[in-house]
Amino acid sequence: MAELEGKVAIVTGGGSGIGKGAALKMAAHGAKVGVVDRDSERAKRVREEIERAGGEALDLEADVASADSVRSAIERAASRWGRLDIVFANAGINGTWTPIEHLTEEDWDRTMDINLKGTFLTLKHAIPHLKRQGGSVIITSSVNGNRIFSNIGASAYSTSKAGQVALMQMAALELAEHRIRVNAICPGAIRTNIGENTNKTPEAEAAQIPVEYPEGSNPLAHRPGTPEQVAELVLFLASPRSSLITGTKAYIDGAESLLIG
Ligand code: NAD
């Protein structure tokens, strides 16, 4: 079913993991997809995979923490296809996980710049295009910062993820009159490449408070989720099937966060 036929989407962090899964899924359902990633090779591979499957895509190298970079990526997609309907603001890093007293200003800024400012910049530069016909914005937050606060060391990450939800709620109300819906997804553990952008220090390991739960499992499936499972939720929130849903956060974690939150 091509429920996104005629729609144009951009996906930040579209070269890997959750973003890649959503880019492939939305393209398979008819959307033209701008795959935005700071890793141009990854974005190119996803673009090629979409094209091999008969879809249409652009690979767009951009750093979401840089206003010029993200604006020009959005402009390229919107001008190539003449519109923008769907924005998946998903690029993010775990960054440095360490106790607050060890966390450097640079580490804090890096996490905030990519995860929170990057979301703001993506939204800001997409709005003029979305306003023309309405649209859907989906932001990747996390169980961390919303339900889980026991990952000691993850203060910057969790704060950035909580901030995204506040921004989402502000935007949902502000943009409702333009028929732009804004929602957040809060994944639990998903098997992706995020480990590459994770710096968990020995101090963070030492500061953990032991909590007992079945190691490595979520109560529903007893294993991490997959990007494909998350992509189904993104597709739903992107499509008209979710036409009354805005200002909402959706947990997708097999109830992991209810157990360890
Ligand atoms: P991933 O590392 O597999 O993919 C992230 C992609 O984003 C990479 O291709 C990377 O190059 C890109 N990226 C990173 N910084 C960027 C920047 N400044 N500009 C442009 N692109 C950038 O990781 P993932 O797990 O798919 O992460 C996607 C989102 O999901 C993140 O926001 C993350 O916080 C969130 N999340 C992940 C999990 C999980 O368990 N994997 C859980 C909850 C939330």
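For the structure, see preceding data.
Residues numbered from 1 in each chain as written. Predicted model: local features only at pLDDT ≥ 70, side-chain atom pairs only at ≥ 80, totals over all residues. Heavy atoms only, no water.

### A look at the site of the ligand
Put simply, the rule is: Nearness here has a simple test: a residue counts as near a molecule or strand if at least one of its heavy atoms is within 4 Å of that partner. Any N or O atom pair separated by 3.5 Å or less is treated as a polar contact, with the protein-specific requirement of one donor-capable and one acceptor-capable atom, and with residues adjacent in sequence counted only for side-chain atom pairs. Only the protein chains shown count as cover for residues, and the accessible areas themselves come from Shrake-Rupley with a 1.4 Å probe. Only DSSP runs of H or I with at least four residues qualify as helices, and only runs of E with at least two residues qualify as strands; both kinds are numbered from the N terminus onward.
Taken together, 28 residues lie around the ligand, and Ser-16, Asp-37, Tyr-157, Ile-190 and Thr-192 are the ones closest in. Separating an oxygen atom of the ligand from a backbone N or O atom of Ile-190 is a distance of 2.8 Å. Summarising the interface, the protein chains cover 97% of the accessible area of the ligand, which totals 830 Å² for the free molecule. Every element with two or more residues in the shell around the ligand is listed here: α1 (17-28) and α5 (155-175).

### A short note on helix α4 (residues 105-130)
For the record, the criterion: Expected helix span is computed as 1.5 Å times (number of residues minus one). Bend, in this description, refers to the angle at a residue between axes fitted to the seven residues ending there and the seven starting there.
Counted at 1.5 Å a residue, the expected span for α4 with its 26 residues is 38 Å, and the 35 Å between its end C-alpha atoms agrees. Its maximal kink placed at Asp-113, α4 deviates by approximately 40 degrees.

### Some points on the sheet that holds strand β6 (residues 135-140)
Quick reminder of the rule: Only strands that DSSP links by at least two bridges are regarded as paired with each other. An axis is simply a line fitted to the C-alpha atoms; with a helix, the fit covers only the stretch in contact. Between two such axes, the angle follows the N-to-C directions and lies from 0 to 180 degrees.
The seven strands are arranged β3-β2-β1-β4-β6-β7-β9 in an open sheet whose pairing can be described as parallel. The outermost strands of the open sheet, each flanked by one partner alone, are β3 (57-61) and β9 (249-252). Along the sheet, successive strands turn relative to each other by an average axial angle of 15 degrees, direction set aside. Relative to strand β7 (residues 180-187), β6 runs parallel, the two sharing six bridges.

### Thoughts on helix α3 (residues 67-81)
Applicable threshold: Here the term buried applies to any residue with accessible area under 20% of the maximum for its type, exposed to any over 50%, and partly exposed to those in between, with areas from a 1.4 Å probe on protein chains only. What the arc describes is the spread of directions from the helix axis to the C-beta atoms.
Over its 15 residues, α3 runs 22 Å from end to end, which matches the ideal 21 Å to within 8%, given 1.5 Å per residue. Those residues of α3 that sit buried are Ser-69, Val-70, Ala-73, Ile-74, Ala-77, Ala-78 and Trp-81. Considered in projection along α3, the buried side chains sweep an arc of 160 degrees and stay on one side of the axis. Across α3 from its buried face, at more than 90 degrees, point the exposed residues Asp-68 and Ser-79.

### Describing unusual backbone geometry
With glycine set apart, most residues show a phi of negative sign, and most peptide bonds adopt trans. Phi at Arg-179 takes a positive value of approximately 60 degrees, unusual for a residue other than glycine. Topologically, Arg-179 is positioned in the loop between α5 and β7. For Arg-179, a relative accessible area of 58% gives the class exposed. For His-222, which is not glycine, the phi dihedral falls at a positive 60 degrees.

### Focus: the pairing of strand β1 (residues 8-12)
Extensive coverage of β1 is indicated by the burial of five of its five residues. What you see with β1 is no split at all: Val-8, Ile-10 and Thr-12 on one side and Ala-9 and Val-11 on the other are buried throughout. One ladder, built from five bridges, connects β1 with strand β2 (residues 32-37); its direction is parallel. Paired with Ile-10 across the strands is Gly-34, a residue of β2.

### A look at the environment of Met-170
Take Met-170: it is sitting in helix α5. Taking C-alpha positions, Met-170 is 11 Å from Thr-246, a pair spaced 76 residues apart along the chain.

### A few points about the packing of aromatic side chains
Defined as follows: Any Phe, Tyr or Trp ring, taking Trp's six-membered ring, that has another such ring centre within 6.5 Å forms a pair; planes under 30 degrees apart are called stacked, those over 60 apart edge-to-face, and the others tilted. Two limits define a charge over a ring: the Lys NZ or Arg CZ must be within 6 Å of the ring centre, and within 35 degrees of the ring normal.
Per the stated rule, a full pass over the model turns up one aromatic pair. Here Trp-97 and Tyr-157 contribute two aromatic rings whose centre-to-centre distance is 5.7 Å and whose plane-to-plane angle is 40 degrees, an arrangement assigned as tilted. Of this pair, Trp-97 sits in strand β5 (residues 95-97) while Tyr-157 sits in helix α5, placing them 60 residues apart in sequence. Like Tyr-157, Trp-97 is buried. The aromatic ring of Tyr-251 is capped on one face by Arg-147, whose charged end is 3.7 Å from the ring centroid.

### Observations concerning the side chain of Thr-111
Operational definition: Note on contacts: a residue pair qualifies if any of its non-hydrogen atoms lie within 4.5 Å across the two residues.
Take Thr-111: it is sitting in helix α4. In this structure Thr-111 touches Ile-93, Asn-94, Gly-95, Thr-96, Leu-116, Ala-156, Tyr-157 and Ser-160, once residues within four positions along its chain are discounted.

Geometric descriptors of this kind do not, in isolation, establish any biological role.
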